[in-house]
Amino acid sequence: MKRSLIALALGLGLPALVVHAQTAAPNNLGARIATQGVEGAAACVGCHGANGEGNAAGGFPKLAAQSADYLARQLVAYANGVRQNPVMMPIAKGLNDEQRVAVSRYYADLKPVVAASPVNATAADAASLARGRTLARIGDSQLRVQACANCHGPGGIGAPPVYPYLAGQHREYLVAALNEWKNTARNTDPSGQMPSIARALSDADIAAVALYFARQPGPPPLASRVLVPPRATRIDRVPSGPTAPPQPSRDVGVEQGTPTSGNQGQAPAQPNTSQPTK
Amino acid sequence: MTTTRLPEVDAVLLGVGLVGTLLGRELTRAGLKVVGLERGEPRWTVPDFQGPQMHDELRYSVRKALMQDTAKETLTFRNRADQVALPIRRWGSFLPGTGLGGAAVHWNGQTYRFQDSDLRARSHHVERYGAKFIPDEVLLQDWGVNAAELEPYYDRFEYLLGTSGRAGNLKGQRIAGGNPFEDSRARDYPTPPMKEPYGSAIFRKAAAQLGYHPYPQPSSNLSQPYTNPEGMQLQSCMFCGFCERYGCEHYAKSSPQTVLLPVLMRDPNFTLRTQCQVLRINLDDARKQARSVTYIDAMGREFEQPAKLVIVGMFALNNVRMLLLSGIGRPYDPATGLGVVGRNYAYQTMGSVNVFFDKNVNINPFMRSGANGTVISDFVSDNFDHGPLGFIGGAYVGEIMSHGRPIEFHPVPPGTPSWGSAWKKAVVEHYNHTSNINVHGSSVAIRRNYLDLDPTYRDAYGLPLLRMTFEFPDNDLKMSAYVTERAADIGRAMGGKQVASSPRKGPYNVTQYQTTHNTGGTIMGSDPKTSVVNKYLQSWDVHNVFVIGASCFPQNASYNPTDTVGALAYWAADAITRHYLKSPGPLVQA
C-alpha cells in the first residue's frame, strides 16, 4: 500500500513527502473529505452516494473500487481544466494535492458496489446490447475501432492503475463520458486513443456500449488485483528438484541474440568491477 | 489434374504482403486490372488481432502461429557445401511469415534507411580503403541506386507508415537529438519520437557520456494518432509489449491492413485471392516473357492465371525459390562462381549485452514496444574508421527491448544454473532489473554462402525445397566482437552491478532465434553477370517479371531491411507505371 501510494503521488508529480504522512494512520483524511467535505469542497457522498455507488439518474459515476491513480488523475485534470465539467471543476480546485490523493485512495479501498438488480434491457434493447457486446469484445472493422476490452480488460473490469473499469458503471455516465471524449470536453488520454474512438462511434453505438457495460458484473476489489512482486523468500519455500551445480551450457536458446538462461558455454564470468572508460 | 485457365489480367501479384499491397495499389491506380495471390489466410485487425487472445505468448511466440507451416513447406539447411542439408522442422533462427499482409503484420516496426555507403558499398570501400582491404571471399557490390535517388521513396514509404522519429539531417542541416550519420532527408518524420523508456534513458546517458550520439529509434508503432496520405488513420502505440510475432490490436502498428489494404480492397480493379499457393511462373517458348502463373487454391484445384506483368513479392527466401522453380535466371554455382540466382545470400549478425542492475532499479521490460528505445549509429556501416580494425561493416547499438514477455524473457547472469530452484530464484531476482543492449550488425555476402534447390526434400506440392548453405563469414564475427565490446563499454557506464557480453560466435546455428532478415539471392545491380535484376528490380532475363524484396540486397547493412524494401517497392512501381507500361521491354540495356 505504501509503495503504491508513493508511486501514485510521484505519478501525479506530487512530492512523495506529502504521501508519507498518510501511511502511518488509516485514511481518515480521505474518509473525512468524502463524507464531510472540506473548506472549498462539498462532501463527495452528496452526489456519489454513501458507498461510492454513484447515482444513475444524476449521471454521477460509481467511484467504489476504482483505481486510485485514475481517480486522482481525474481530479487533477478537473482542477487544471484538462477535463471540463461545471460541477467537478470547482470541487477539484478546492482540494489540494494531499487531499486529492487521500480521497482517491479512500474510494479505491471501498468494496465494489453490486447493483441490486441488473440494468433493465427491454426487448427493444436486445439489438443494442448485441452491438455493444461486439464493440466491447471485438471492435468494428469498418469503423477501425478496436475492442474496448483491449485496454479496459475482459468484461470491462479495468486494468489498474491506468485503465478504469467500465463494468457495472452507470450507463448514463458512460454515455456522457463518451460524448465528452467526442466533443473534446475531456482530454485526459495522453495516447489520443479515446477521442479517436469516440468520434468513430455514432450515438447509437455509444448507447450500445454503455448499455452493455452497465450490465456487466462489477470489478473485483482492488486489493485483490494490484500485483505486488513476490519477495524472494516466498519462492525459497517451494523447492523444485535438486539444484545442479553450475555447468557450461551448450547451444542455449537465444532470444533476440540474448541468452535466455545460464552461461553461454563459457566459464562463469567474474563480477564486473571495472570503471567506465571516461 | 486439370488446370483451369482464367482470363488474362494486366498484372498478377505473387504474395500480398507489404510488397504486394504497395504494388497492387500503384498498379490499380494506374488503371491496371490486378489479381493478388496470397498463399495464407485473410486477416484483419478486427477481429483477428484483438485481445485478449492476441496476447497468447505460447501460441504466437513459441508455436509461431503467424508463421509458415513447416509441415507444408520449409527450407533445408547446412553450414557448408560438403554437408548434407536437412529440413528445418521447427523455425528457430528466422521465422518466415505467411498470411495476408505478410510479415509486416508481425514485424517490430524498426524503420531505418540504409546509408549511401551501404548502397554504394563496393565503390565506397574501394575509395576509402582500397580494393585490397575487402577480404577475398567477400562479394561486395554496389546496388545500382544511391541514397539521393531513393530518398523520395523512403520519404513516401515513411509517410505511408506514419513512422515516429526525429530527423538528424534535414536538407543537409544537422539536427540535434537525431541521427547525425543519416543521409540528408527532405522532411522530418511524420510523427514525433515515442516516449523513451527508463532503461533506454540510462543507455542514452551512458552513451552520451562516452562521446556517442544517441537518438530515438525510428518506430512504425506510432507515437500519436496519424492519418496517412491514403486516408488511413492509425492510433498510438499502447506499449503492451506484444509486438514482434503478434498482430497489433490497437491499429498502432503500420501494417498493410492499417496503412493501405482497405483502400486497395475497395478498388474494382483489384481482386484478392487468398489461400492460393503459386507453384511457378510460366514462360513463353522463347523463355523471354512470362505469360502466366500456375497456382493451387484451398480446395486443391489448379489454375493458370495469365498476366502481362508478374510481380514477385513473396519474401526474400520465397522470391529466390520461385525464380529457381520457374527457371528464370541462371542458378548460382559456388564451385564455378557462375550463375546469379541464389548468389549473395546474407543475413544479420546479432550480438547483445546484458546489464544486471540492483533490485532498486526497475526496468519494466513488459511495458515496451517493438521499436521503442534509444540507439547509436556511431558503429554502423562505415561510420567509423575501419583501417586499423581489419573488417568491414558495423552494427547499431541500442537499448530497445521489445521482448519482456513471461515465457521468453528470463535473463540471468553467467554462472546461473540452467534449470532448477537456483535458476528460478535468479529469474525472479533479475527479470525486472536487467537491461538488454542489442547489437544489430551487417552481414557480408561471401562466395560459399548461397541458396539453391534441394536435391532430396520436397514440399507438400511435390516441389523441391529451397536449400540454404550459410556460415558466418570471419569478417562478420570480427565485426561483432568489436562492436559488442563497444556496447559492453556503454553497459559498464550504465551503472549496473554486472555486465555480460554476448558477441556473435560461430558456428551459425539455425535453431537459435536471431532475426528474419534474410537477404540476397535475386540481387540488383548493373551487371547481369553478377545480378539477377537491374536497378529497377526487373529481371534481366524476363522483362515482364519484377522481383521485389530483401532478396534484391547485394549484401545486408547494419540496419533492419523493411524501410529499404518499402522504398525499393515504390521505386520499382514508379519505373513500371512511368516507363515500363508505356513501352514494355528491358528498362536497362545490359
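Residues numbered from 1 in each chain as written. Chains lettered and ligands numbered in written order. Predicted model: local features only at pLDDT ≥ 70, side-chain atom pairs only at ≥ 80, totals over all residues. Heavy atoms only, no water.

Focus on the packing of aromatic side chains
Residues and elements named next belong to chain B. Selection criterion: Each pair of aromatic rings taken from Phe, Tyr and Trp, with Trp reduced to its six-membered ring, is defined by centres within 6.5 Å and is described as stacked if the planes are under 30 degrees apart, edge-to-face if over 60, and tilted in the remaining cases. Counting from the N terminus, the helices are DSSP H or I runs at least four residues long and the strands are E runs at least two residues long. The buried label goes to any residue with under 20% of its type's maximum accessible area, the exposed label to any with over 50%, and the partly exposed label to all in between, with areas taken from a 1.4 Å probe on protein chains only.
By the definition in use, this model includes 32 aromatic pairs over all chains. Relative to Y508, the ring of F77 has its centre 5.3 Å away and its plane inclined at 75 degrees; by these criteria the two rings are edge-to-face. Taken as a pair, F77 in strand β4 (residues 75-78) and Y508 in the loop between β22 (498-502) and β23 (519-521) lie far apart in primary sequence, 431 residues in all. By relative accessible area, which is 11% here, F77 ends up buried. By relative accessible area, Y508 is classed as buried at 2%. Ring geometry for Y212 against F379: centres 5.3 Å apart, planes inclined by 70 degrees, an arrangement best described as edge-to-face. Pair noted here: Y212 is in the loop between α7 (198-209) and β8 (215-216) and F379 is in the loop between β17 (374-376) and β18 (395-399), with a separation of 167 residues, a long-range link. Here the two residues Y212 and F379 agree in accessibility, since each one is buried. Clustering of aromatic rings is evident, with ring pairs tying together F77, W91, F94, Y345, Y347, F470, F472 and Y508.

Quick word on the confidence of the model for chain B
As a reminder, the rule being used: Residue-level confidence of the predictor, termed pLDDT, takes values from 0 up to 100.
When pLDDT is averaged along chain B, the result is 97, and 100% of the positions lie at 70 or above. Here the predicted complex scores 0.89 on pTM and 0.87 on ipTM.

Remarks on the sheet that holds β22(B)
Residues and elements named next belong to chain B. What counts, and what does not: Strands are labelled as partners when DSSP assigns at least two bridges between them. A contact between two residues is defined here by any heavy atoms of the two lying within 4.5 Å. Axis geometry follows a simple rule: fit a line to the C-alpha atoms, using only the stretch in contact for helices, then measure angles between N-to-C directions, giving values from 0 to 180 degrees.
The strand order across the open sheet formed by six strands is β8-β17-β18-β19-β16-β22, and the pairing between neighbours is antiparallel. At either end of the open sheet lies a strand with only one pairing partner, and these are β8 and β22. Judged from the four bridges that link them, β18 and strand β19 (residues 434-441) form a sheet pairing that is antiparallel. The residue bridging Y396 from the neighbouring strand is H440, located in β19. Seen against the sheet, α7 touches β17, β18 and β19 and runs at an angle of roughly 30 degrees to β17.

Some points on helix α3 (residues 28-36) of chain A
All names here are of chain A. What counts, and what does not: What the arc measures is the spread of directions leading from the helix axis to the C-beta atoms.
Here α3 has its buried residues at L29, G30, I33 and A34. One face of α3 carries all of its buried residues, which in axial projection span an arc of 130 degrees. Looking at the residues trailing α3, positive phi occurs at G37, about 80 degrees.

Description of the sheet that holds strand β21 (residues 464-469) of chain B
Residues and elements named next belong to chain B. The sheet built from four strands is open, its strands ordered β5-β4-β21-β20 with mixed pairing. This sheet does not close on itself; its edge strands, each paired only once, are β5 (86-87) and β20 (450-458). Direction of pairing for β4 relative to β21: parallel, over a ladder of four bridges. From the neighbouring strand, T76 faces β21, where its bridge partner is R467.

Quick look at the nonpolar core
Keep this limit in mind: Definition of nonpolar core: a set of buried residues of the types Ala, Val, Leu, Ile, Met, Phe, Trp, Tyr and Cys, connected through side-chain atoms within 4.5 Å.
Core analysis: the largest hydrophobic core is formed by 110 residues, its most contacted members being L23(B), F94(B), I281(B) and I311(B). The leading source of residues in this core is helix α13 (residues 562-580) of chain B, at ten residues. Apart from the residues within four sequence positions on either side, I311(B) is in contact with V12(B), L13(B), L14(B), V19(B), L23(B), L27(B), F546(B), I548(B) and I576(B). Core analysis: the second largest hydrophobic core is formed by 41 residues, L63(A), L71(A), M194(A) and Y212(A) among them.

Describing unusual backbone geometry
All names here are of chain B. Here G51 and P52 are connected by a cis peptide whose omega angle stands at -5 degrees. Its location among the elements puts P52 in the loop between α2 (45-48) and α3 (57-62). Residue P507 is bonded to the preceding G506 through a cis peptide linkage, with omega at -5 degrees. Take P507: it is sitting in the loop between β22 and β23. Even without a glycine there, the phi angle at F315 is positive, about 95 degrees. Following the sequence through the fold, F315 ends up in the loop between β14 (302-312) and α10 (316-326). Look at L537: it is not a glycine, yet its phi comes out positive at around 70 degrees. Summarising the element assignment, L537 is placed in the loop between β23 and β24 (545-547).

Comments concerning the pattern of salt bridges
Residue and element names in this part refer to chain B. Note the cut-off: We define a salt bridge as a side-chain nitrogen of Lys or Arg found within 4 Å of a carboxyl oxygen belonging to Asp or Glu.
Considering all chains together, one arrives at 36 salt bridges over all chains under this definition. The closest approach of N and O atoms between R301 and D297, which form a salt bridge, is 2.9 Å. In this structure, a network of salt bridges that share partners links the residues R113, E151, E158, E182 and R185.

Quick word on the environment of P112(A)
Residue and element names in this part refer to chain A. You can see P112 is positioned in the loop between α7 (97-109) and α8 (126-137). Note on P112: relative accessible area 22%, which makes it partly exposed. Residues P112 and G52, spaced 60 residues apart in sequence, show a C-alpha to C-alpha distance of 8.5 Å. Leaving out residues up to four positions away in the same chain, P112 has contacts with A65, P219, P220 and P221.

A look at the pairing of β20(B)
The side chains of a regular strand alternate, residue by residue, between the two faces of the sheet. All names here are of chain B. The pairing of β20 with β21 spans five bridges and is classified as antiparallel. Bridging across to β21, L453 finds its partner in L466. Following β20, the chain reverses through five residues before pairing antiparallel with β21; G462 in that reversal takes a positive phi of roughly 85 degrees.

A closer look at the packing of helix α10 (residues 171-182) of chain A against helix α11 (residues 193-200) of chain A
Residues and elements named next belong to chain A. Note the threshold: An angle counts as roughly parallel when it lies under 35 degrees, as roughly antiparallel when it exceeds 145, as roughly perpendicular when it falls between 65 and 115, and as oblique in every other case. Each residue receives one of three labels: charged for Asp, Glu, Lys and Arg, nonpolar for Ala, Val, Leu, Ile, Met, Phe, Trp, Tyr, Cys and Pro, and polar for the others, Gly being one of them.
Close contact between α10 and α11 brings their axes to 7 Å; oriented N to C, the two are set at 105 degrees. The pairing of α10 with α11 is recorded here as roughly perpendicular in orientation. Across the interface between the two elements, L178, W181 and K182 of α10 pack against M194, P195, A198 and R199 of α11. When grouped by side-chain class, the residues that make up the contact of α10 with α11 number five nonpolar, no polar and two charged.

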